[in-house]
Amino acid sequence: MKTRAPFLLAALMALWTVTAATAAVPAPAAAGHLDVGSKLYWETHGDAGPVLVLIHDGLVHHEVWDAQIAPFAAAHRVVRYDRRGYGRSEPPTSAYSNRADLLALLDHLGVERAVLVGSSSGGGLATDFALAHPRRVTALVLVGAVVDGLGYSTHFITRNLNNSLGKDIETMIQRWADDRYIVAPGNTAARERLRELLRANPHNFDPVKYRFLEEDDGVAPEARKRNNPEPALRRLGEIAVPTLLVTAAEDIPDVHVHAGALESGITGAGRVVIPGAGHLVYLERPEIFNQVVLEFLSLLSLRFDGVASFERGFGKVRGAELYYESLGEGEPLILLHGRLLDHRMWDPQFEVLARKYRVIRYDARGHGLSHHAGSPYRYWEDLSGLLEDLGLEQAHVMGLSLGGGTAIDFALEQPEKVRSLIPIVPELDGYKYQGEDYLANREQEVAAWQKQDDPARIEAFQRSWTDGHRSPDEVDPALREQLRRMIAGNLRRPRRPSEEPAGAPARERLAELHAPTLLVVGSLDLSDVHTVTGLLAGQIEGAKKVEIAGGAHMVNMEQADELNRIVLEFLSQR
């Protein structure tokens, strides 16, 4: 059973206190109608990039996504459309399938794979589509989503009936717009925008005109039972793509129940709860919603989709789910990231090294897209479990900082699985940092952690582990900003300390290491890191030590070309 909990974005709320319910929307790059028996309206924004498909809920139409278009289309090709009977699409005149309509739209637009962003019943459609057409889905963003096979409470059903039993359409619009769960109290601008959208296109409020609006897949009951015997609820474990669940704190209680079922059922699913909003969170808190989704998308390396040797997935390790990416062919090379970072720190190496090796990078527990399990763990055991899950008997292992320490522990515990060892500015179990340069910043770092002051925590971390023996203004601002975003995202993810290693610490066992070893340190890194690297070089027989000028702790990002050259030269001799 999964034990991870949703995390609340209170820190983000402090950044945005004004609701922005309307937004300037650029003109679509293309638009039109697709005849699927009824005519579906669609439009695209952005000329290139990975495709995002925005699927509206059961109340409003495509314009409810206005605040997402500009920020999402900056780096993606965004598709939004109206399901039958909504907005500019014609109502159905016979039984139909939303899944078939979406498939037809993707085919019409020449979209092979897409990230599906679905709200409420649109999220249910995205889930159903991922089960029916798994090769067409890169990832899922399910917003206040419902899932087929899980029922609804009496409160939910009664509330829906009360809102829909008006004498006229205007009465129903007012009831839905005033519903405290649809738009949270206090979000006045969003509520008014909802009224505008509903009045412009009242959709399925006319029970006669839209009598076919309830979906039917058009398949005979016997064939349906034979071809798709289980509802989505019982098949969630079949979904193997990264999934972000977004719920709002003030949303309908049933939605939170459905979110819990989705989180428990979908491998690797992570959940974010946004405060101060209801069911239409993207309309009520668009800045926060957009940042959450864009951060998730940044973790997915979407630009490699379509590359034959690229794969992503979740390795199941002692009950946990570790997100990994693999690129290239040849001998396996594992990349282990640093503390409070994730697999993205290896961007300067991933594609370059994959020209000659099968490069696998993954997120350690509590980092990136990986999640904790309730059982105790050790990082090196997770690495061993991932190799086993991927069917790999041996690999080259390269790690930075925390990842370097993990690589050393793994080589000590399972030496037969290590073809070569590349610790970069590594941690070392059993060594206590005591250098003056480290201690000078330690007091501020401890105070920031005690106060739970994230900006101060990030800055203290960067002073030690980004800047090294430099002032912040001597470091590339783009590098600092890239790391700041990565650290901030990982600070918000819950983690537990790893279990203490059994037996003697690694510092006392270095003579046991016999794999070919390359040690790398940046010239500007802290004195303790140089000391650790010296200890390793002195006690690992045959170890080669290289110091890279002009780099500090994040030497792989600062001096990428030089590091890549050194690593490839070392590996070519193995």
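Before reading on, note that the structure itself is shown above.
Calculation notes
- Residues numbered from 1 in each chain as written.
- Predicted model: local features only at pLDDT ≥ 70, side-chain atom pairs only at ≥ 80, totals over all residues.
- Heavy atoms only, no water.
- Helix = DSSP H or I, 4+ residues; strand = E, 2+ residues; numbered from the N terminus.
- Rg over C-alpha atoms; globule rule 2.2 N^0.38 Å.
- Contact = heavy atoms within 4.5 Å.
- Areas by Shrake-Rupley, 256 points an atom, 1.4 Å probe, with all protein chains shown as cover.
- Salt bridge = Lys/Arg side-chain N within 4 Å of Asp/Glu carboxyl O.
- Buried < 20%, exposed > 50% of the residue type's maximum accessible area, 1.4 Å probe, protein only.
- Expected span 1.5 Å × (residues − 1).
- Phe/Tyr/Trp six-rings, centres within 6.5 Å; stacked < 30°, edge-to-face > 60°.
- Lys NZ or Arg CZ within 6 Å of the ring centre and 35° of its normal.
- Pairing = 2+ DSSP bridges.
- Patch = residues over 30% accessible without salt bridge, like charges linked within 9 Å, V, L, I, M, F, W, Y side chains within 5 Å.
- Arc of directions from axis to C-beta.
- Axes fitted to C-alpha atoms, helices over the stretch in contact; angles between N-to-C directions.
- Parallel < 35°, antiparallel > 145°, perpendicular 65-115°, else oblique.
- Left-handed = near helix turned anticlockwise from the far one by under 90°.
- Nonpolar A, V, L, I, M, F, W, Y, C, P; charged D, E, K, R; others polar.
- Polar contact = N/O pair within 3.5 Å; in protein donor to acceptor, adjacent residues only side chain to side chain.
- Core = buried A, V, L, I, M, F, W, Y, C linked by side-chain atoms within 4.5 Å.
- Right-handed = clockwise from strand over helix to strand, strands pointing away.

(A) Layout of the overall build of the protein. The secondary structure content of the protein amounts to 20 helices and 17 strands. The C-alpha radius of gyration of the protein comes to 26 Å, within 12% of the 25 Å expected for a compact globule of 574 residues. Overall, the C-alpha framework of the protein stretches about 85 × 50 × 45 Å when taken along its three principal axes. Within the protein, contacts between residues separated by at least 24 positions form 74% of all contacts whose residues are at least 6 apart in sequence. For the protein, the accessible surface area stands at approximately 23300 Å², while carbon and sulfur atoms represent 51% of it.

(B) Representation of the pattern of salt bridges. Enumeration over the complete set of coordinates arrives at 38 salt bridges. Salt-bridge contacts for Asp101 lead to Arg84; the nearest nitrogen and oxygen are separated by 2.8 Å. Placement of the pair is Asp101 in helix H3 (residues 98-109) and Arg84 in the loop between strand E5 (77-81) and H3, with a sequence separation of 17 residues. On the basis of relative accessibility, which here comes to 6%, the residue Arg84 falls in the buried class. In this structure, Glu311 engages Arg358 in a salt bridge whose closest nitrogen and oxygen atoms are separated by 3.6 Å. Placement of the pair is Glu311 in strand E10 (residues 311-317) and Arg358 in strand E13 (residues 358-362), with a sequence separation of 47 residues. Several salt bridges share partner residues, and in doing so they unite Glu43, Glu63, Asp66, Arg80, Arg88, Arg193 and Glu196 into one network.

(C) Quick peek at helix H4 (residues 121-132). In this model, H4 (12 residues) spans 16 Å end to end at C-alpha, consistent with the 16 Å of a helix rising 1.5 Å per residue. Counting buried positions over the 12 residues of H4 gives 10, a clear majority of the element. Every buried residue of H4 is accounted for by Gly122, Gly123, Gly124, Leu125, Ala126, Thr127, Asp128, Phe129, Ala130 and Leu131. Against strand E4 (51-55), E5, H3, strand E6 (114-119), strand E7 (137-143) and helix H9 (253-265) lie the buried residues of H4.

(D) Up close: the packing of aromatic side chains. By the definition in use, this model includes 11 aromatic pairs. On the basis of an interplanar angle of 80 degrees and a centroid distance of 5.6 Å, the ring pair of Phe304 and Phe350 is categorised as edge-to-face. Of this pair, Phe304 sits in the loop between helix H11 (286-298) and E10 while Phe350 sits in helix H12 (residues 347-353), and the two are 46 residues apart along the sequence. Each member of the aromatic cluster is reached from another via a ring pair, and the members are Tyr431, Tyr433, Tyr438 and Trp465. We note Arg361 situated over the ring of Phe350; from NZ or CZ to the ring centre the distance is 3.9 Å. Taking the ring centre of Phe570 as reference, the NZ or CZ of Arg574 above it sits at 4.4 Å.

(E) Region of interest: the pairing of strand E11 (residues 320-327). Along E11, eight of the eight residues are buried, which leaves the element largely enclosed by surrounding structure. Burial along E11 is two-sided: Ala320, Leu322, Tyr324 and Ser326 and Glu321, Tyr323, Glu325 and Leu327, pointing in opposite directions, are all buried. As judged from the seven bridges shared by E10 and E11, these two strands associate in the antiparallel manner. Paired with Glu311 across the two strands is Ser326, which belongs to E11. Sheet topology places E11 next to E13; four bridges connect them, and they run antiparallel. Across the sheet, the residue bridging to Leu327 is Val359, located in E13.

(F) Representation of a nonpolar patch on the surface in the model. A surface patch of nonpolar side chains, amounting to about 390 Å² of accessible area, comprises Tyr152, Ile157, Leu161 and Leu165. The topology assignment puts Ile157 in helix H5 (residues 154-164). According to the relative accessible area criterion, Ile157 is partly exposed, its value standing at 44%.

(G) Molecular detail of helix H20 (residues 560-572). The end-to-end C-alpha separation of H20 is 18 Å, in line with the 18 Å expected for 13 residues at 1.5 Å each. Within the sequence span of H20, burial applies to Ala560, Leu563, Asn564, Ile566, Val567, Phe570 and Leu571. Across the axial projection of H20, the buried residues extend over an arc of 165 degrees, all falling on one side. Counted as exposed and oriented over 90 degrees from the buried face of H20: Asp561 and Ser572.

(H) View of the packing of helix H2 (residues 66-73) against H11. One way to put it is that H2 packs onto H11 with a least axis distance of 10 Å and a crossing angle of 40 degrees. As the angle between them shows, H2 and H11 are arranged oblique. In this structure, H2 meets H11 at a crossing whose hand is right-handed. Contacts between H2 and H11 pair Ala67, Gln68, Pro71 and Phe72 from the former with Pro286, Phe289, Asn290, Val293 and Leu294 from the latter.

(I) Layout of the packing of helix H15 (residues 436-450) against helix H16 (residues 454-467). At their nearest, the axes of H15 and H16 sit 8 Å apart, and the two run at 165 degrees to each other. Considering their axes alone, H15 and H16 lie roughly antiparallel with respect to each other. Between H15 and H16 lies a crossing whose hand is left-handed. Facing H15, whose interface residues are Tyr438, Asn441, Gln444, Glu445, Ala448 and Trp449, H16 presents Ala456, Arg457, Ala460, Arg463, Ser464 and Trp465. Looking at the contact of H15 with H16, its residues break down into six nonpolar, three polar and three charged.

(J) Representation of the side chain of Ser97 in the model. Among the structural elements, Ser97 can be located in the loop between E5 and H3. Overall, the relative accessible area of 10% leaves Ser97 in the buried class. Here the side chain of Ser97 touches Arg99 through a polar contact of 3.2 Å, landing on its backbone nitrogen. A distance of 3.1 Å separates the side chain of Ser97 from the backbone nitrogen of Ala100, its partner in a polar contact.

(K) Representation of the nonpolar core. Within the largest apolar cluster, 80 residues are counted, with the highest numbers of intra-cluster contacts made by Met398, Ile424 and Leu428. In contact with Leu428, other than residues within four places in its own chain, are Ile408, Ala506, Arg507, Leu510, Val532, Leu535 and Leu536. Residues Leu54, Ala139, Leu297 and Tyr323 belong to the second largest nonpolar core, which totals 48 residues.

(L) Geometry of unusual backbone geometry. In the Ramachandran plot, Ser120 falls in the positive-phi region, its phi being about 55 degrees despite a non-glycine side chain. Among the secondary structure elements, Ser120 is positioned in the loop between E6 and H4.

(M) Representation of the pairing of strand E9 (residues 270-274). Counting buried positions over the five residues of E9 gives five, a clear majority of the element. Residues Gly270, Val272 and Ile274 point to one face of E9 and Arg271 and Val273 to the other, with burial holding for every one of them. For the crossover that starts at strand E8 (residues 243-248), traverses H9 and ends in the parallel E9, the hand is right-handed.

(N) Highlighting the environment of Ile334. Residue placement: Ile334 occurs in strand E12 (residues 332-336). Apart from residues no more than four positions distant in its own chain, Ile334 is found in contact with Ile360, Tyr362, Leu383, Leu387, Ala395, His396, Val397 and Met398.

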